[in-house]
Amino acid sequence: LRMTSPLSARVTGVGSRIVTFGTLTIAAIAIAAPFLWIFRAALSPSDAELYRLPPTLLPSDQTLENFGKVFEQVPFANFVLNSLIVATSITAAQLITCSTAGYAFARLKFRGRGVLFAIVIGSLMIPIQITIVPLFLVMSRLDLTNTLWALILPPIFSAFGIFLMRQHFLSLPYELEEAARIDGAGHARIFFQVMLPLSGPALATLGIITFTYWWNDLLLPLVMINDTATQTLPVGLVLLAGRFSTGSLGTIAAGITLAIIPVLIVFVIAQKWIVQSIASSGLKL
């Protein structure tokens, strides 16, 4: 038999860690490089600094004037407020609808449950571009176009959110539910007093993913809203780079920096919950 010495096993382990660390470092640099370039452009006094060779991590003369120009050229604060209202409202609505629907699919037994859940999962394969025209027609008939309601109402239900919450509820021990039933609790009491207190990480994950997605959404506001004062931040950045552009890449980069910093901070703080919840959401039928 071929024996492996402890020394060779240790060397192999160290080599494997070096390869893993090197691969992750290269991937991290590739992902972070565009963001670093945007941040550098936001601090650059002129566009010529962006094409300087060899490039530097920071421009030679840093300036914050580009951030001030963003608020001068477009109603940036209004864009941020509209995005905050839309993303927060959708997030709150999805936390309610997805948690209740996920609990129903996971714990309640009713006729057609499997078929309904298959329809929910199947809807994940339908691109939003297919439904954007019917949604616009519905919002137009309801006279809600050019209002924030046209952005809030369509996505209050989420197939992904229902799937995520269902998988989380399936992972909770059934003994907790049985103990609550012995105490005389019904489904409503079990849901609010037993299941929800144990669902903090899953709800936080769903909330962060939902908020980030709709904070960055461009298509729905671009189709539903024509009034500049009612637009959200992604469309505002497009206007900054187009209709209100002064030709300064630094100003555009400053607007992008202001848009991504809040979401980036929230994502970095809560990434542990996201990884844990998604890793535990294996499909159970």
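The model shown is predicted, which means the values in this text are computed figures rather than measured ones. (Residues numbered from 1 in each chain as written. Predicted model: local features only at pLDDT ≥ 70, side-chain atom pairs only at ≥ 80, totals over all residues. Heavy atoms only, no water.)

A.B. asks: Teacher, can you tell me more about the nonpolar core here?
C.D. replies: Here is a general trend for soluble globular proteins: nonpolar side chains tend to be buried in one another's company. Grouped together as the largest cluster of nonpolar side chains are 23 residues, with contacts concentrated most on Y103, M165, F169, I190 and M195. At the level of elements, α3 (76-107), α4 (113-123), α7 (159-171), α9 (187-195) and α10 (200-215) are the ones that each hand at least two residues to this core. Top element by residues in this core is α7. It accounts for 7 residues. Those residues in contact with Y103 that lie beyond four places of it in its chain are L108, F169, E177, H187, I190, F191 and M195. (Core = buried A, V, L, I, M, F, W, Y, C linked by side-chain atoms within 4.5 Å. Buried < 20%, exposed > 50% of the residue type's maximum accessible area, 1.4 Å probe, protein only. Helix = DSSP H or I, 4+ residues; strand = E, 2+ residues; numbered from the N terminus. Contact = heavy atoms within 4.5 Å.)

A.B. asks: Help me understand a nonpolar patch on the surface, please; the structure alone is not making it clear to me.
C.D. replies: A cluster of nonpolar residues, L36, F39, L57 and L58, forms a patch on the protein surface that exposes about 400 Å² of accessible area. Assignment of secondary structure puts F39 in helix α1 (residues 6-42). (Patch = residues over 30% accessible without salt bridge, like charges linked within 9 Å, V, L, I, M, F, W, Y side chains within 5 Å. Areas by Shrake-Rupley, 256 points an atom, 1.4 Å probe, with all protein chains shown as cover. Salt bridge = Lys/Arg side-chain N within 4 Å of Asp/Glu carboxyl O.)

A.B. asks: Got a minute to help me understand the pattern of salt bridges in this structure?
C.D. replies: Charged atoms that come close allow side chains of opposite charge to pair. Applying the stated criterion across every chain yields a total of 2 salt bridges. With a closest N to O distance of 3.4 Å, R107 and E177 form a salt bridge. Of this pair, R107 sits in helix α3 while E177 sits in helix α8 (residues 174-182); the two residues are 70 residues apart in sequence, bridging distant segments of the chain. By relative accessible area, which is 6% here, E177 ends up buried. One salt bridge in this structure joins E177 and R181, with 3.2 Å as the shortest N-O distance. Of this pair, E177 and R181 both sit in helix α8, 4 residues apart, which is roughly one turn of that helix. What emerges from the salt-bridge pattern is a single network uniting R107, E177 and R181.

A.B. asks: Is there a simple way to explain the side chain of S158 in this structure?
C.D. replies: Within the fold, S158 resides in the loop between α6 (149-152) and α7. Look at S158 and you get buried, because its relative accessible area is 14%. Here G161 takes part through its backbone nitrogen, which lies 3.1 Å from a polar atom of the side chain of S158. Contact partners of S158, with chain neighbours within four places excluded, come to Q94 and C98. (Polar contact = N/O pair within 3.5 Å; in protein donor to acceptor, adjacent residues only side chain to side chain.)

A.B. asks: Just checking my understanding: could you explain the confidence of the model for the chain for this structure?
C.D. replies: Detailed reading of predicted coordinates is not advised where the pLDDT is low. Model confidence for the chain is summarised by a mean pLDDT of 84, while 89% of its residues fall at 70 or above. By mean pLDDT, the top-scoring element of the chain is α6 (94), and the lowest-scoring one is helix α13 (residues 249-279) (78). (pLDDT = per-residue confidence, 0-100.)

A.B. asks: Sorry if this is basic, but what is going on with the side chain of D217 here?
C.D. replies: Locating D217 in the fold gives a position in the loop between α10 and α11 (219-224). Exposure remark for D217: the relative accessible area of 9% places this residue in the buried category. A polar contact is formed between the side chain of D217 and the backbone nitrogen of L220, at a distance of 3.3 Å. If we skip the residues at most four places from it in the chain, D217 touches T232 and P234.

A.B. asks: I tried to follow α10 on my own but got confused; where do I start?
C.D. replies: The α-helix advances 3.6 residues per turn, and as a result positions three or four apart in sequence lie on the same side. Taking 1.5 Å as the rise per residue, α10 with 16 residues should run 22 Å; its terminal C-alpha atoms sit 22 Å apart, in good agreement. Of the residues making up α10, those classed as buried are A202, L203, A204, T205, L206, G207, I208, T210, W214 and W215. (Expected span 1.5 Å × (residues − 1).)

A.B. asks: What am I meant to see in the packing of aromatic side chains here?
C.D. replies: Working definition: an aromatic ring pair is given by the centre-to-centre distance plus the angle between the planes. If you walk through the whole model with that rule in mind, you get 9 aromatic pairs. Relative to F169, the ring of Y103 lies with its centre 5.8 Å away and its plane at 85°, an arrangement referred to as edge-to-face. Placement of the pair is Y103 in helix α3 and F169 in helix α7, with a sequence separation of 66 residues. Neither residue differs from the other here; Y103 and F169 are each classed as buried. Members of the aromatic cluster, joined through ring pairs, are Y103, F169, F191 and F192. Over the aromatic face of Y174 sits the side chain of R107, whose NZ or CZ is 4.0 Å from the ring centroid. Geometry around F117 places R166 over its ring, the cationic atom sitting 4.0 Å from the centre. (Phe/Tyr/Trp six-rings, centres within 6.5 Å; stacked < 30°, edge-to-face > 60°. Lys NZ or Arg CZ within 6 Å of the ring centre and 35° of its normal.)

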